[in-house]
Amino acid sequence: MLKFDVLVIGSGGAGMRAALEAGRQGNLSVALMTKMFPTRSATGMAQGGINGVLRNADPNDSLEKHIFDTVKGSDFLGDQDAIEFFCNYAPECINEIDYFGVPFSRDAQGRIAQRNFGGQSSPRTCYSADKTGHVILHTMFEQCLKHGVKILKEMQLLDLVVDQGELQGIVALDIQSGEIMPVMAKAVVIATGGAGRMYWFRTTNPFTSTGDGMAAAFRAGIPLKDPEMVQFHPTGLASTGILMSEAVRGEGGYLINKDGERFMQRYAPEKMELATRDVVAKGIETEIKEGRGFGEGVNAYVLADLRHLGKETILEKLHGIRDLAISFEHVDPLSEPIPIRPTCHYSMGGIDVIDHTRCATAITGVFAAGEASCISIHGANRLGGNSLADIMVFGKFAGRGATECARQRQFGGQTKLAEAAKLWQDRFNQAVSRQEGVTVASLRNRLADIMWNNVGIFRNEADMLAAQKVIDGLIAEYQTCKVGDSSKLFNTAFVNYVEMGNLLTIAKAVVLGAIHRQESRGCHLRDDYTERDDRNFLQHTLVTLESGQYKLSYRPVVITKYQPAERRY
Amino acid sequence: MRQITYKIQRFDGTKSFTQEYSFAHEPGKTILWGLQKIKDTLDASLTFVAACRSAVCGACAVRVNGHAMLACEAALDDVVERFGDTLIIAPLGNFKVIRDLVVDWEPKIERMKEVKPWLIPQDEFTAASGCRQSPAEFKKINTQTNCILCGSCASECNKLSADGSDFYEPFIYSKAQKFVADSRDKGDWEHLKPAVERGLWKCVHCQECITKCPKHVEPAEDIAKLRQTSIRLGVTDNLGARHALAFVADLAESGRLNEVKMAMRTEGILRTAARLPFALRLLRKGKINPLHALTGNAPVKGIEQVRAIMKAVKEAEK
């Protein structure tokens, strides 16, 4: 049986940073497992930048300002102790990755360049043109190669194996060979990313963001925290949902409705386009709803106009954006505005982390970092540039936490692992041999439909109750759905089937959390409860699986210095 | 209704075969959309990988009618306009195929590791305070950092197709150049040495890697830059460097190539002598003048200008 002291699952920024940190401690066996190849991760799609108070662009920036911007951005749902920790460590983590080789854009003095981003009181977003995530991801990969991190590529996480509150290991599918493998581990870091693919048609996320780690942790008994908090990025390309970086707004782009008006003045008179993502997304959708968008229904959109920024800025700083607009929307931002509409972007919610200094969960040996986790520093709305900072800071601390934990623990027994592997083997055999049943693609499309229409940007109880019914129906159909490929060799149809199960598992938690959060906060906008309700909901939602049932509970938000106040931009 | 047909080169682990799939054309779609359509509605066993569908993760590169491209970015309408409504889709060339359109990256990464593809930071920098780099220095590495490891350059590399044992995948040279050109890095020779030892002078200059790169990386240019650096570092004891230096010497001397001297300067007298039959054939066709071996070419008219240009280029390179 394979065994590792520390096993990191997921090879985005958080996972590679964690593996690197664990690998650097020496004397421990560390492996990095990914269902693809390491550099295919969602981190690479992050464009705009990474936040940290370096004071390069603004000597008056301060940690307090970063902390407050993040707290306010989260609509006061972020835990303030964790946010302080995060902001304090962000600058040194950024300097560190500069030293690792991240090619940052530079200011005239050779320091890391910083730009404006939504919801921030200072230009503190460090960037590398508009490919910041890409270069961070590749630099992390380079460092993993340098430090000889063992990479288990093309391995699909199936389940965590836990015995009496203690991690034993995991079960995974070796996609290439088709073998279902138990893997013993003293500590596991789950860094498998978000679950945006539940909104299949309209998300910036890669096909692989299917919440595999979240679902596995949930099945193992770890709660999902604030699952209803799903961020919609305001500037997705209209026809595909592909991301147009926040740098589009950060560099000074305008958002225009069909009357040619910069409509953000109605929603954020001070910050205008530079308000937070939830506020801008709400603004765009309101314009569309009230008939001031272009086009109709699902094809409606508004425009992002960059032309006044000039050729030089667009070519230097928004080069990749321009390429994407040309390739996928057939529009050249040098001469035409870009049709855009909000698109599902980020899961603020995720695996419930209870100790942010180690990224530990309630189960001994299980750690979580990155989008898969909910620490919570993003609360009800993440600031642009805070997720790359999140994965660099908490990836590192999760790697350390897992290392310390592994040093103190022994390997568990193999019995439970073998049993779990056997169950999955049976499931594989049954699922791939079914000749009848609906296809995974059909389930996927119907889930995306109901999520976008009923649990999208504007939500209300009736729509969500209807969604809940549909999802329960889909879960029932899933039990007998058809995989359509019985090969053991690189069976991506079976992988898609596993991913579908995970998406359904999480979607159900999203809807449950959303129905019961009877208020509007951050990205969670209720038509039937339009105000924020601090008396009842200054709390994290916790959804836990108990004897096959989804149970709901709440935990108060940690407040240190900043009392909730009205949020204006 | 207009139909699009994909003839897909498949592989099930033991045998290769071609399978045809047809589906209704829709405007504004991509090659990847077609593959997904087939997997969703016609045959779930068709195997390919894709992730970001926005041309940044590098997972989905395939060969369409013999040309490597990112399936997610390749506009179906453009491709069918070029090749017709029936397309031949195959896995990347010069890769080991695992199944259908999925290829094995592991051996490629093992090779990439040889050029130490990581920053070897200058001593003046520390992890605590990071590095310094001017905007101009940053610009020198800004194209190489676009590489998404999609493998398109390797797929179409004519040198690799002929013999990959003494040549790297083009992106590996770009990766090496990224660090050689990085002002923060002190390990030029560490990145460069493996490249010199494996094929740096064997690129056949077909430029396919540049043409096929979906991210505007220019591996052939990077190979040229690595060659320049190697000469600057004094690594001239090889055929390629000698050949390049002979070129420069000839130009300075007469403004023209001296084919006879060139061969001797590059390969030495003994090896040049072994090419006598070839030289005789050239002689018979009037392509070379053996006297030039002794006398050299007569300088071209305007040689002074040629020399001035060469001097200016040298100055500019400093």
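What counts as what
Counting starts from 1 at the beginning of each chain's written sequence and moves along it residue by residue. Written order determines the labels here, with chains lettered from A and ligands numbered from 1. With pLDDT at 70 or above as the cut-off, local features in this predicted model cover only qualifying residues; side-chain atom pairs require 80 or more to be listed or tallied, and sums for whole chains, interfaces and linings still use all residues. The basis for the side-chain values is all heavy atoms of the structure; hydrogens and waters are excluded. Salt bridge criterion: a side-chain nitrogen from Lys or Arg within 4 Å of a carboxyl oxygen from Asp or Glu. We count a stretch as a helix when DSSP gives it H or I for four or more residues in a row; a strand needs E for two or more, and each element gets its number in order from the N terminus. Only protein chains enter the accessibility calculation, which uses a 1.4 Å probe; a residue whose area is less than 20% of its type maximum is buried, one above 50% is exposed, and one in between is partly exposed. Where each domain begins and ends is defined by an automated method or by a domain database. Contact criterion: two residues are considered in contact whenever any of their non-hydrogen atoms come within 4.5 Å of each other. Accessible area that two parts lose when put together, evaluated with a 1.4 Å probe and summed over both, is termed the buried area. Counted as a polar contact is a pair of N or O atoms within 3.5 Å, where, for protein atoms, one must be capable of donating a hydrogen and the other of accepting one, and residues adjacent in sequence contribute only when both atoms are in side chains. Each residue receives one of three labels: charged for Asp, Glu, Lys and Arg, nonpolar for Ala, Val, Leu, Ile, Met, Phe, Trp, Tyr, Cys and Pro, and polar for the others, Gly being one of them.

Requested: an account of the pattern of salt bridges, with residues and values cited.
All names here are of chain A. On inspection of all chains with the given rule, the structure shows 78 salt bridges over all chains. Its salt-bridge partner being E21, residue R400 comes within 3.2 Å of it at the nearest N-O pair. You can see R400 sitting in helix 10 (residues 386-408) and its partner E21 sitting in helix 1 (residues 13-24), a full 379 residues away along the chain. Judged by relative accessible area, which is 33%, R400 ranks as partly exposed. Of the charged contacts in the structure, one is a salt bridge between D212 and K35, with a shortest N-O distance of 2.8 Å. Here the residue D212 occupies a position in helix 5 (residues 212-219), and K35 occupies one in the loop between strand 2 (30-33) and strand 3 (50-51), the gap between them amounting to 177 residues. No difference in accessibility class separates D212 from K35, as the two residues are buried. Counted as one network, the salt bridges with shared partners bring together D75, D226, E228, D278, R517, E519, R521, R532, D534 and R567.

Please give an account of the domain arrangement of chain A that cites residues and values.
All names here are of chain A. As far as domains go, chain A holds domain 1 (239-342) and domain 2 (416-538). Contact with domain 1, which involves 6 residues of that partner, is made by 7 residues of domain 2. Summed over both partners, the interface of domain 1 with domain 2 buries about 620 Å², with 73% contributed by carbon and sulfur atoms. Connecting domain 1 to domain 2 are 0 salt bridges. Where domain 1 packs against domain 2, one counts 0 residue pairs in polar contact (both at pLDDT 80 or more). When residues of the side of domain 1 that touches domain 2 are assigned to their parent elements, the largest contribution, 5 residues, is made by helix 7 (residues 277-289). Tallied by class, residues from the side of domain 1 that touches domain 2 come to 1 nonpolar, 1 polar and 4 charged.

Describe the interface of chain B and chain A, listing the residues and the values that go with them.
If you look at the interface, chain B gives 62 residues, while chain A gives 64 residues. Both sides together, the interface formed by chain B and chain A hides about 4,900 Å², and carbon and sulfur atoms give 57% of it. Inspection of the region where chain B meets chain A yields 8 salt bridges. Among the ionic pairs, A:K153 bridges to B:E106, the shortest N-O distance being 4.0 Å. Joining chain B to chain A, the criterion identifies 29 residue pairs in polar contact (both at pLDDT 80 or more). Examining the composition of the side of chain B that touches chain A, we find that 4 residues originate from one element, helix 1 (residues 31-42) of chain B, more than from any other. When grouped by side-chain class, the residues that make up the side of chain B that touches chain A number 33 nonpolar, 15 polar and 14 charged.

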